[in-house]
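Geometric and topological summary
Chain by chain, the residues:
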Amino acid sequence: MEKIIRRGHEFGLLYDLDDQFENKTLAYLAPKKYKLDSSQQKLLKGIFSVPQSNTVATFAPDDSVRLIKFNGNSVDFDKFGSLEYGGEFAYLRNSGFDFTAFAQTRGINLLDFKTGEIKEFAGTDSISEYIKEIWIADDEKRHILVLSKEVGGYALDKSLVGRDILRLIDFSGDEKKVLRQIVLPAEDKEGYIDFIELFGATIFAYRKDNVRAYDLNFKPKEHPFIQNYNQYKKQYGFESLRIITLHPDFPFMWANEMNMEEMVYEGNWVFYWGEKEGFSLVLPGLPSSRVFLSPDNNWLVFSCMIDQSRMIAIPISEKLPHYLGRPIMLGLNPEVDDMRMAFTTDPVGVVLATDDIIYKWDLPPVPEDIDAWNKDPQPFIDAWVKSRKDK
């Protein structure tokens, strides 16, 4: 079993995936594979989540939005609408209740599933800005948090050139309404900038081993993860944070640690606070940026290196002291970027798309008897697969 040493303290793994893989005790959920015909392959680009059962969507090369509907052993590409322009993309990881959205360089396209319309908005203030990421800040009010970068040339404010800008924007009407904005700290002498994540109503900004939190008014706020992290950082020492994932209901945070000088991942930790305060090493290294919560918040899905890059899913249960149940393997990780991964709802599933095949894993419900699952998840998986055979 691999270990990590921190200032004389030895941390063992919460679950040893390498050992389980070598001893063939790592439970396995096989994907359902959908082979695309030539016409479907021409329509497939990036994929994103939508508020429809068992469906994802793609913005096709012909500038149409297609709903990819899974139906038994087949998949259909139904046209939702068209846009005037193409461009670079930033997708929402999970859709809203009745809408989803994606960014194209400087624009925000909102797919309204109430009306069946695609509404196009400007997402930046100047044509030399580009959008880096977007998040839903308020589902009901259709408020979206937009992170963009001003690269200059046509900047309305020259002091913003080279800076990242965070805006909270209301897209509920026919015109966008910028509610507020904040200019993030400039790149430091070592070339580091802030990574941004939004979880619930808390914005996290972090670079190297420093973490800050803001509310949606862009006012600094306290968060128990930061207090927890700073305590253990001082005690044991940590490298730079690269990926963080906060659970919305249970008090824990997944934190990925990276050595920025050597550009290698050091370890993946789960920090928890409150009655179960502490932290655990989940696994060493993580050669991927993928660490996502499922739409129902019952699974963590990520890729890691075992013998090669593989997709892993971990069930989440409040009955466990560290909240994370025994992992299962979803299979080989197809060589695709994050823009070709999305989740479905009803059932909750993970979808990865290559140029000619779509892979889909319908995740089982997390069992009430999590102790039995932790002894051997495979019977639960086999029963789930059998129940889903023709669906």
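Further up the page is the structure itself.
All values derive from a computational prediction rather than experimental measurement. (Residues numbered from 1 in each chain as written. Predicted model: local features only at pLDDT ≥ 70, side-chain atom pairs only at ≥ 80, totals over all residues. Heavy atoms only, no water.)

On to the overall build of the chain, then. Along the backbone of the chain there are five helices and 29 strands. Against the compact-globule benchmark of 21 Å for 391 residues, the chain has a radius of gyration of 21 Å, which places it among compact chains. Based on the C-alpha atoms only, the size of the chain along its principal axes is roughly 55 × 55 × 35 Å. Sequence separation of 24 or more characterises 47% of the internal contacts of the chain that already satisfy a separation of 6 or more. Within the structure as shown, the chain displays about 17,800 Å² of accessible surface, and the carbon and sulfur contribution to it stands at 47%. Distance between charge centres in the chain, computed from 47 positive and 61 negative side chains, equals 1 Å. (Helix = DSSP H or I, 4+ residues; strand = E, 2+ residues; numbered from the N terminus. Rg over C-alpha atoms; globule rule 2.2 N^0.38 Å. Contact = heavy atoms within 4.5 Å. Areas by Shrake-Rupley, 256 points an atom, 1.4 Å probe, with all protein chains shown as cover. Lys, Arg positive; Asp, Glu negative; His and termini not counted. Charge placed at Lys NZ, Arg CZ, Asp CG, Glu CD.)

This brings us to a negative patch on the surface. On the surface, a cluster of negative charge is made up of D209, E239, E261 and E262. In this fold, E262 is placed in the loop between strand 20 (252-259) and strand 21 (264-272). Given a relative accessible area of 58%, E262 falls into the exposed group. (Patch = residues over 30% accessible without salt bridge, like charges linked within 9 Å, V, L, I, M, F, W, Y side chains within 5 Å. Salt bridge = Lys/Arg side-chain N within 4 Å of Asp/Glu carboxyl O. Buried < 20%, exposed > 50% of the residue type's maximum accessible area, 1.4 Å probe, protein only.)

This part takes up the side chain of D98. Positionally, D98 belongs in the loop between strand 8 (89-91) and strand 9 (99-104). Assessed through its relative accessible area of 14%, D98 is described here as buried. Of note is the side chain of D98, whose polar atom sits 3.1 Å from the side chain of R142. (Polar contact = N/O pair within 3.5 Å; in protein donor to acceptor, adjacent residues only side chain to side chain.)

Turning our eyes to something else, we now look at the environment of D63. Checked against the element boundaries, D63 lands in the loop between strand 5 (55-59) and strand 6 (64-71). Here the alpha-carbon distance between D63 and V291, two residues 228 residues apart in the chain, equals 29 Å.

This part takes up the packing of aromatic side chains. In total, this model carries 31 aromatic pairs according to the counting rule given. A ring pair is formed by W254 and F302, whose centres lie 5.0 Å apart and whose planes are at 45°; its orientation type is tilted. Of this pair, W254 sits in strand 20 while F302 is found in strand 24 (residues 299-305), placing the two residues 48 residues apart along the sequence. Here W254 matches F302 in class, with each residue buried. Through a chain of ring-to-ring contacts, three or more aromatic side chains come together here, namely F11, F199, F204, F225, Y229, Y232, Y236, W269, F271, W273 and F279. In this arrangement the basic side chain of K276 is found over the ring face of Y323, its NZ or CZ atom lying 4.3 Å from the centre. Its guanidinium or amino end placed over the ring of F70, K360 lies 5.2 Å from that ring's centre, counting from NZ or CZ. (Phe/Tyr/Trp six-rings, centres within 6.5 Å; stacked < 30°, edge-to-face > 60°. Lys NZ or Arg CZ within 6 Å of the ring centre and 35° of its normal.)

Here four strands make up an open sheet; going across it, the order is 12-13-14-15 and the pairing antiparallel. Because the sheet does not close on itself, it has two edges, and the strands there are strand 12 (129-138) and strand 15 (177-183). Direction aside, the axes of adjacent strands within the sheet are offset by 20° on average. Across eight bridges, strand 12 lies against strand 13 (residues 143-150) in antiparallel orientation. Along strand 13, the bridge assignment pairs E133 with L147. (Pairing = 2+ DSSP bridges. Axes fitted to C-alpha atoms, helices over the stretch in contact; angles between N-to-C directions.)

Before going further, it helps to spend a moment on the sheet that holds strand 10 (residues 107-112). By definition, the strands of a sheet pair up through backbone hydrogen bonds, in either a parallel or an antiparallel sense. Strand order across the open sheet formed by four strands is 8-9-10-11, with antiparallel pairing between neighbours. The outermost strands of the open sheet, each flanked by one partner alone, are strand 8 and strand 11 (117-122). Neighbouring strand axes in the sheet, compared pairwise and without regard to direction, differ in orientation by 25° on average. Summarising the sheet, strand 10 and strand 11 pair through six bridges and their orientation is antiparallel. Of the residues in strand 11, the one forming a bridge with N109 is E120.

Another aspect to go through is the pairing of strand 27 (residues 341-344). Residue alternation in strand 27 divides its side chains into two sets, M341 and F343 and A342 and T344, and both sets are buried. In this sheet, strand 28 (residues 349-353) lies alongside strand 27 in antiparallel orientation, the contact comprising four bridges. In the sheet register, M341 faces strand 28, and the bridge partner there is L352. The hairpin turn running from strand 27 into strand 28, its antiparallel successor, is four residues long, and D346 in that turn takes a positive phi close to 50°.

On to the environment of P327, then. Mapping P327 onto the fold places it in the loop between strand 25 (309-315) and strand 26 (328-332). Between the alpha carbons of P327 and E261 there is a distance of 31 Å; along the sequence they are 66 residues apart. Leave out the neighbours within four places in its chain, and P327 touches Y15, L17, L26, I312, A313 and I314.

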